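# Structure assessment
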Amino acid sequence: MTEKTEQQQTRLTFIQRTRRTQLVECAIAVLADDGYAQASLSRIAKRADVTRGAISYHFADRDELLDAVVAEVYRIATEQLQPKIEAQSTTVQAIRTFIVGSTEFYRDFPSQMAALHEIVSHARGDDGSVRHTEQKRANEQELSALGVLLERGKAAGEFRDFSTPIMARTIRSALDGLLVQLRATPKYDAIADAVELADIFEHALVAHKA
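We now turn to the structure provided with this report.

Parameters at a glance
Residues numbered from 1 in each chain as written. Predicted model: local features only at pLDDT ≥ 70, side-chain atom pairs only at ≥ 80, totals over all residues. Heavy atoms only, no water. Core = buried A, V, L, I, M, F, W, Y, C linked by side-chain atoms within 4.5 Å. Buried < 20%, exposed > 50% of the residue type's maximum accessible area, 1.4 Å probe, protein only. Helix = DSSP H or I, 4+ residues; strand = E, 2+ residues; numbered from the N terminus. Contact = heavy atoms within 4.5 Å. Polar contact = N/O pair within 3.5 Å; in protein donor to acceptor, adjacent residues only side chain to side chain.

Bringing the nonpolar core into the picture now. Counting residues in each nonpolar core, the largest one holds 61 residues, and the members touching the most others are Ile 55, Val 69, Ile 95, Ile 99, Leu 150 and Ile 171. Looking at this core element by element, the count peaks at eleven residues for helix 4 (residues 62-86). Once residues lying within four places of it in the same chain are set aside, the contact partners of Val 69 are Val 24, Ala 27, Ile 28, Leu 31, Ala 115 and Ile 119.

In structure tokens form, the structure reads like this:
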């Protein structure tokens, strides 16, 4: 392979990645603005100013594109949260950062969260089959990462003994409640409630010395 050919392939790969990113961003915008039912490949293509065939070149079908949307939202969330969590000196502070930081993400990325909500709300087909497997995988990965934090706190003696899976799901469910309220009331002070939620879970987690 010549140097020129390698450069051409590198450039093509970059162009393909850029186009794929653009299509995902446009899918997010259409889902947030028009809802799941209206987020057809044709409408997404129109938003991206490309042909429907251009989408088919990058994604096998609509479900694959929407799975890419889920992956992108979780990627951004991880990019926003992980450095903040890792910077904490104690597991208690790491959990507090996860709770408050997640809520800040909900507030600061409303289009991404609206798109994710639309996909999650239609995760199963009419026959009950799972339509968007990426959401299930990403959610399980998030719960697993949260579980690792909780186990670390127990091992360090910061946390009392409890069921890690139940606690991880409870934290996740509480955050889902804040997200629902934030979506219903845009002026809702979700951060204040997130701080209080962090206080509640700190009291529930911390090992109290006799």
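So, about the side chain of Arg 172. Residue placement: Arg 172 occurs in helix 8 (residues 164-184). Among the polar contacts listed, one links the side chain of Arg 172 to the side chain of Tyr 106, at a separation of 2.5 Å. One polar contact links Arg 172 to Glu 142, side chain to side chain, over a distance of 2.9 Å.

The next point concerns the environment of Gly 153. On the secondary structure map, Gly 153 appears in helix 7 (residues 133-155). Considering only alpha carbons, one finds Gly 153 and Tyr 188, 35 residues apart in sequence, at a separation of 32 Å. Ignoring any residue separated from it by four or fewer positions in sequence, one finds Gly 153 in contact with Thr 91, Glu 158 and Phe 159.

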